[in-house]
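Analysis of the macromolecular model
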Amino acid sequence: MNNIVSHEDFEAMVKPLEKRIYLYLKKLCKEGFSAQDVMQETLITAYHKHQTVKDQTKFASWLYRVGINHCNMYKRKLKPIHEESEKVILLTPDNNSNPADIFDQKDFAHKLETALHKLPEKYRIVLILKDIEGYKSKEISEKTGLSLANVKAISLRARKKLQQGLL
C-alpha cells in the first residue's frame with residue numbers, strides 16, 4: 001500500500017468491511033456503545049497505520065486484528081460491572097407465529113447469548129468468526145494470529161463449552 005492515501009481511497013478500502021467488523025466487535029465487546037467506540041478507535045488507528053500492511057490482500061485480516069486489540073484494551077480499562085445483556089433474536093417471527101413460540105425463541109436467544117459471553121475470550125472470538133460470521137479456519141487463523149491447528153482445536157472446545165452452557 002502507498003504511504004499516502006487520500007481520505008476517499010481509505011474510505012473505499014474500509015467501507016466494504018466496516019459493517020462486518022462492527023457487528024463482530026459488538027459481539028466481542030458485549031455492548032453496542034462500547035463497540036461504536038472501539039470501531040471508531042479501530043478506524044483511526046487503521047487510517048494512521050495502514051501503510052504498515054505490506055500485502056493489500058491482508059488488509060481485512062489486519063483490520064480485524066486492530067479491532068480485537070482495541071476491544072481488549074477497552075475491556076482492560078473497564079472495571080467489572082453488571083451489564084444488561086443485549087437481546088439476540090435468532091428468528092424473526094412472522095404474523096402467524098404462536099406467542100408461546102416467540103417467547104421460547106427469545107428465551108433460547110437469551111440463554112445462547114449468556115452462554116456465549118461466559119466462554120473464555122479466545123473461544124468466543126473463534127466461535128463468533130467461524131459459526132456466526134462464517135469464516136473458514138484458515139481465514140480465522142490469519143485474522144487472529146492463531147495457528148490453524150489451534151483454531152480448529154479451539155473451535156471444537158468452544159462448541160462443547162457452549163453446548164454445556166446451554167444445558
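Residues numbered from 1 in each chain as written. Predicted model: local features only at pLDDT ≥ 70, side-chain atom pairs only at ≥ 80, totals over all residues. Heavy atoms only, no water.

On to the overall build of the protein chain. Secondary structure assignment for the protein chain yields seven helices and zero strands. For the protein chain, the α and β elements follow one another from N to C terminus as α-α-α-α-α-α-α. Relative to its 167 residues, the protein chain shows a buried fraction of 35%. If you take every contact in the protein chain between residues at least 6 apart in sequence, the share linking residues at least 24 apart comes to 67%. (Helix = DSSP H or I, 4+ residues; strand = E, 2+ residues; numbered from the N terminus. Buried < 20%, exposed > 50% of the residue type's maximum accessible area, 1.4 Å probe, protein only. Contact = heavy atoms within 4.5 Å.)

A separate point is the packing of helix α5 (residues 121-132) against helix α6 (residues 137-144). It is at 10 Å that the axes of α5 and α6 come closest, and there the two elements cross at 135°. The orientation of α5 with respect to α6, classified from their angle, is oblique. At the point where α5 passes α6, the crossing takes the right-handed sense. Listed contacts from α6 to Ile125, Val126, Leu129 and Lys130 of α5 are Ser137, Ile140, Lys143 and Thr144. In terms of residue class, the contact of α5 with α6 is made up of four nonpolar, two polar and two charged. (Axes fitted to C-alpha atoms, helices over the stretch in contact; angles between N-to-C directions. Parallel < 35°, antiparallel > 145°, perpendicular 65-115°, else oblique. Left-handed = near helix turned anticlockwise from the far one by under 90°. Nonpolar A, V, L, I, M, F, W, Y, C, P; charged D, E, K, R; others polar.)

This part covers the nonpolar core. Core analysis: the largest hydrophobic core is formed by 37 residues, its most contacted members being Phe10, Ile21, Tyr24, Leu25, Phe59, Leu63 and Leu129. Elements represented by at least two residues in this core include exactly α1 (7-29), α2 (32-49), α3 (59-77), α4 (99-118), α5 and α7 (148-166). Of the residues forming this core, the biggest block, nine residues, is contributed by α1. Contacts of Leu25, omitting those with residues within four sequence positions, involve Lys30, Ala35, Val38, Met39, Thr42, Gly67, Ile68 and Cys71. (Core = buried A, V, L, I, M, F, W, Y, C linked by side-chain atoms within 4.5 Å.)

As a further point, take the environment of Tyr123. Among the structural elements, Tyr123 can be located in helix α5. On the basis of relative accessible area, Tyr123 is assigned to the buried category, the value being 10%. Between the C-alpha atoms of Tyr123 and Ile154, which are 31 residues apart in sequence, the distance is 5.9 Å.

Now for the pattern of salt bridges. A side chain with one charge may pair with a side chain of the opposite charge, provided their charged atoms come close. One pass over the structure, following the stated rule, counts two salt bridges. When the shortest N-O distance is used, the salt bridge between Glu18 and Lys15 registers 3.9 Å. Of the two residues, Glu18 and Lys15 both sit in helix α1, three residues apart, roughly one turn of that helix. By relative accessible area, Glu18 is classed as partly exposed at 27%. Between Arg159 and Asp131 there is a salt bridge, with its nearest N and O atoms 2.8 Å apart. Of this pair, Arg159 sits in helix α7 while Asp131 sits in helix α5; the two residues are 28 residues apart in sequence, bridging distant segments of the chain. (Salt bridge = Lys/Arg side-chain N within 4 Å of Asp/Glu carboxyl O.)

For α7, with 19 residues, the first-to-last C-alpha span of 27 Å sits near the 27 Å given by 1.5 Å per residue. Along α7, the residues classified as buried are Val151, Ile154, Ser155, Ala158 and Leu162. Each buried residue of α7 lies within a common arc of 110° when the element is viewed along its axis, so the set occupies one face. Opposite its buried face, α7 presents the exposed residues Ala149, Leu156, Lys160, Gln163 and Gln164, each directed more than 90 degrees away. (Expected span 1.5 Å × (residues − 1). Arc of directions from axis to C-beta.)

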